[in-house]
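One letter stands for each residue in the lines below.
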Amino acid sequence: MSLAIAVPRRRQDLRRTARRLLTHLLLILLGIVFLVPFIWLLSTSLKTDPQIFLFPPRWIPAPFTLLQYHLALTTIPFFVYTRNSLIFCGFTVVGVVLSCSTVAYGLARVRWPGRDVLFLFTLATMLLPFEVTLVPLFIVFRTLGWVGTFLPIIVPTYFGSAFYIFLLRQFMMTLPMELSDAARIDGASEFRIFWSIALPLIRPALAVVALLQFLGAWGDFLGPLIYLTDQKTYTISLGLQQYNTQYGTEWGQLMAASTLLTLPVIVLFFFTQRTFIQGITLTGIKG
Amino acid sequence: MAELIASHDQVAVPRHRASLRARSRSVRTGLLFCSPWIVGILAFIVYPTVMSFYYSLTEYDLLQVPTFVGLGNYQQLASDPKMLTAIYNTLYYMALWIPLNIGLSISVALLLNLKVRGMAMYRTLFYLPVLVPAVATSLLWVWFLNPQYGVANWVLSLVNIPGPGWLASTVWSKPSVVLISLWGSIGNTMLIFLASVQDVPKDLQDAAEVDGANAWQRFWAVTLPMLTPVIFFELIIGIIAGIQFFTIPYVITGGTGNPADSLTVFGLILYRAAFFDFKMGYASAMAWAATVLIFVLTFVVFRTSNRWVYYQSGETR
């Protein structure tokens, strides 16, 4: 009797183990495909030129060298570009967090006729490809004498950005309305409710917006390409491109520079992973 | 008399007036909070959009005043071989990238949903490429796909397949770029699918299992229908992202779109028309052609959506 039960169960266990192994195998294979470019990047950046041009490739650099990093940092004004990137990121992060949270409050927490129209319009603007506004905006900023400065890529972030407004609005909708009503009865002004009640409660969402904007600005290419015409104002993403055309075959330096461009973002990600993943999921259709 | 009227209306009028006042106050508050965005929409979206349409009807090189040419730019566009190549390249890219991105993301999400140990680690692993700035992604892959020294052809040589020229070949350049984009996009799309896979009600799965449905049937009959709203959303996002595809082909080709214009995507010729040839009118006409293309594609997806998108609440949109 006990044997009769034991055999199928063991078979079932076996099948489950096999399935689990297969899943792991698939995930590991896929993981390698995703990871190998990173390893290749890092490996190349730590090699000397003769090692780089070996076929079949050698994965582990022998000897290890930081020469490519030294060259990458000195052949282009790397630190100036990094500073410019940080200025650009910093100002736009402050811009979107301030403007988008304010607007999201107006769309989520104040009942007024017209807000639904504005919200729909906000969503619709996300369908407009950048190509449409690219030329006229350039003409406006050129007339203002802003081309060659950071202003064209910073100032607009202080007037809201559809995607972040949408994200924060979805988040603010989930706060219980009673909170604001109670504060209103106590005589708090609307701005006070926004600043002291709503904002602290949506701090995680604000962090997501700040992070996404930082990443976006750090990696942004088109904006700087068009507006940062003066080499002294180049961001690091843009500077890397200049580097490519100038030293097209210096793969070691290029990989070292790409590593340096990627590293801060990955470090930032590891410190903020949970907030981050939650935020990405939130931007899905769930809201 | 006055007292009488007052007492008569005492209830109705003040309340009405008070609600009116409250209403106008809430309008003022709402507008005040939204004012940065209203200004932003007007200055950075509405005004440029209107001006773009105006410029598309003119010839304008930034130096002279725009001269009106009617539909001349659009006529020129229709017969511009570069424009046709760019549209073809962009549609080719979208036709490959959008379905692969959605399909692979769903597959990865399903794998991750099997409650294997180390799920968070795998998730992070697949997400990492999303973080890499597009410029670095492009440079890294140009080296990875290098026909002589790259990893891709080394792997192929291990199984005795002569590797293609990848980005240097007119046949392989577009599939290569799709591969590069997928590496950078799957992590993001996968997370969104993972969230909705986890939302699929367990009792539905169990009921199907009791009825004897195998894993494959359960996927087609239960999970996939539940994912259709997200697929729909990702399709639309994909179309819009596809037409704006720019940085990767720009960095890979140094802005040329070569070999033989095989990577000249739509954003690239528009950029060149505007900032190399200073044909602002012509570039604006291009932008409108692209917008019409997007609207047509989005419209088609919307029109067919009630046939295949399933909403849990039973309503069809």
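Scoring rules and cut-offs
Residues numbered from 1 in each chain as written. Chains lettered and ligands numbered in written order. Predicted model: local features only at pLDDT ≥ 70, side-chain atom pairs only at ≥ 80, totals over all residues. Helix = DSSP H or I, 4+ residues; strand = E, 2+ residues; numbered from the N terminus. Buried ≥ 20, exposed ≤ 12 C-beta atoms within 10 Å, placed from the backbone. Contact = placed C-beta atoms within 7 Å. Nonpolar A, V, L, I, M, F, W, Y, C, P; charged D, E, K, R; others polar. Axes fitted to C-alpha atoms, helices over the stretch in contact; angles between N-to-C directions. Parallel < 35°, antiparallel > 145°, perpendicular 65-115°, else oblique. Left-handed = near helix turned anticlockwise from the far one by under 90°. Domains from an automatic or database assignment. Expected span 1.5 Å × (residues − 1).

Asks: Describe the overall build of chain A, with residues and values.
Replies: Scanning chain A from N- to C-terminus turns up 14 helices and 0 strands. Listing the helices and strands of chain A from first to last along the sequence gives α-α-α-α-α-α-α-α-α-α-α-α-α-α. In terms of its C-alpha atoms, chain A occupies a principal-axis envelope of roughly 80 × 70 × 35 Å. When burial is assessed residue by residue, chain A has 38% of its 287 residues classed as buried. Long-range pairs, those at least 24 residues apart, make up 75% of the contacts in chain A with a sequence separation of at least 6.

Asks: For the interface of chain B and chain A, give the residues involved together with the corresponding values.
Replies: Taken residue by residue, the interface counts 72 residues in chain B and 77 residues in chain A. In terms of residues, the side of chain B that touches chain A owes the most to one element, helix α2 (residues 12-56) of chain B, which gives 19 residues. Looking at the side of chain B that touches chain A residue by residue, the classes come out as 55 nonpolar, 17 polar and no charged.

Asks: How would you summarise the packing of helix α4 (residues 81-112) of chain B against helix α10 (residues 215-243) of chain B if you had to cite specific residues and measurements?
Replies: Residues and elements named next belong to chain B. Running from N to C, α4 and α10 point in directions that differ by 150°, and their axes come no closer than 10 Å. Classified by the angle their axes make, α4 and α10 are roughly antiparallel. Of the two elements, α4 crosses α10, and the hand of that crossing is right-handed. Where α4 abuts α10, its residues T90, Y93, M94, W97, I98, N101, I102 and I106 lie against L227, I231, E234, L235, G238, I239, G242 and I243. A breakdown of the residues in the contact of α4 with α10 according to their chemical character gives 11 nonpolar, 4 polar and 1 charged.

Asks: Could you give an account of the domain arrangement of chain B, with specific residues and numbers?
Replies: Residue and element names in this part refer to chain B. With domains assigned, chain B is organised as domain 1 (2-56) and domain 2 (74-308). Computed over C-alpha atoms only, the centres of domain 1 and domain 2 are separated by 43 Å. Listed by partner, the interface residues are 4 residues for domain 1 and 6 residues for domain 2.

Asks: Run through α10(B), naming residues and quoting values.
Replies: All names here are of chain B. The end-to-end C-alpha separation of α10 is 37 Å, well short of the 42 Å expected for 29 residues at 1.5 Å each. Within the span of α10, buried status applies to T223, L227, V230, I231, F232, E234, L235, G238, I239, G242 and I243. Residues of α10 that are buried sit in contact with α4, α8 (173-199), α12 (266-275) and α13 (280-308).

Asks: Could you give an account of the domain arrangement of chain A, with specific residues and numbers?
Replies: Residues and elements named next belong to chain A. Domain boundaries assigned for chain A yield domain 1 (2-65) and domain 2 (75-282). The straight-line distance from the C-alpha centre of domain 1 to that of domain 2 is 36 Å. The set of elements that each furnish at least two residues to the side of domain 1 that touches domain 2 consists of α1 (2-45) and α2 (49-52). At 4 residues, the largest contribution of residues to the side of domain 1 that touches domain 2 is made by α1. Taken together, the residues that form the side of domain 1 that touches domain 2 break down as 3 nonpolar, 2 polar and 2 charged.

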